[in-house]
Amino acid sequence: MSDSKKALNTHPEVPSPTGFMQFENGNLTKQQLDTLLNALPVEITFIDENDTVCFFNKPEKVIFVRSKGVIGRKVQNCHPAASLGTVNKILESFRTGEKNMAEFWIDMSDRKIYIRFFAVRDNAGKYLGTMEVVQDVTDIQKLQGEKRLLDWQG
């Protein structure tokens, strides 16, 4: 199965007496994790298995403005009515295991916006929810040739 078809797996965090959350590949404090998620050059939203918006990050450059008022709201209430049928089909295909990813791209002003939805599953394959990732790929599309680490000049 290709990477684009694999579901994202989550691993339960184990609280530590030192204030760190232990993950499969290391540990972070809540502050480190929150800061790391907000430093990503993408917008991430997590919708749980009941279609409820649970989380979104706040990167420096926001494409789709979200308020904290969306937390606890059904994701269907966060999309235009015209796209509601498609949103529900995507979520159902994730729930049933038929699909693990859906991708779209749109033009906003002079920017190319790439929108991807990923099924999030535990190690046993149980559906836990959906992650939406939104990224401005305009500058990425313009890349040519190579720019290597050794070419960097602060």
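Each value, and the rule that gives it
- Residues numbered from 1 in each chain as written.
- Predicted model: local features only at pLDDT ≥ 70, side-chain atom pairs only at ≥ 80, totals over all residues.
- Heavy atoms only, no water.
- Pairing = 2+ DSSP bridges.
- Helix = DSSP H or I, 4+ residues; strand = E, 2+ residues; numbered from the N terminus.
- Core = buried A, V, L, I, M, F, W, Y, C linked by side-chain atoms within 4.5 Å.
- Buried < 20%, exposed > 50% of the residue type's maximum accessible area, 1.4 Å probe, protein only.
- Contact = heavy atoms within 4.5 Å.
- Polar contact = N/O pair within 3.5 Å; in protein donor to acceptor, adjacent residues only side chain to side chain.
- Lys, Arg positive; Asp, Glu negative; His and termini not counted.
- Salt bridge = Lys/Arg side-chain N within 4 Å of Asp/Glu carboxyl O.

Peer 1: Would you explain the pairing of strand β3 (residues 20-23) in this entry?
Peer 2: Every regular strand shows the same layout, with side chains that alternate between the two sheet faces. Judged from the four bridges that link them, β3 and strand β4 (residues 26-29) form a sheet pairing that is antiparallel. Looking at the pairing, F20 lines up with T29 of β4.

Peer 1: Before we go on, may I ask you to explain the nonpolar core in this structure?
Peer 2: Across soluble globular proteins, you tend to see nonpolar side chains buried next to one another. Of all hydrophobic cores here, the largest spans 16 residues; its most connected members are V75, F94 and F117. Those elements that place two or more of their residues in this core are β6 (53-56), α2 (84-96), β8 (111-121) and β9 (127-136). V42, I44, F118 and V133 belong to the second largest nonpolar core, which has six residues in total.

Peer 1: Honestly, the environment of Y114 in this entry has me stumped. Any pointers?
Peer 2: Tracing the backbone through its elements, the reader meets Y114 in strand β8. Contact partners of Y114, with chain neighbours within four places excluded, come to E103, F104, W105, V133, V134, Q135 and V137. There is a polar contact of 2.3 Å between the side chain of Y114 and the side chain of E103.

Peer 1: Explain the side chain of D48 to me, please; I cannot follow it from the model alone.
Peer 2: With respect to the helices and strands, the residue D48 is situated in strand β5 (residues 43-48). Of the buried charged residues, D48 lacks a salt bridge, with K74 as the closest side chain of opposite charge at 5.8 Å. Looking at D48, its side chain comes within polar contact range of the main-chain nitrogen of N50, at 2.8 Å. In contact with D48, not counting residues within four places along its chain, are C54, Y127, L128 and G129.

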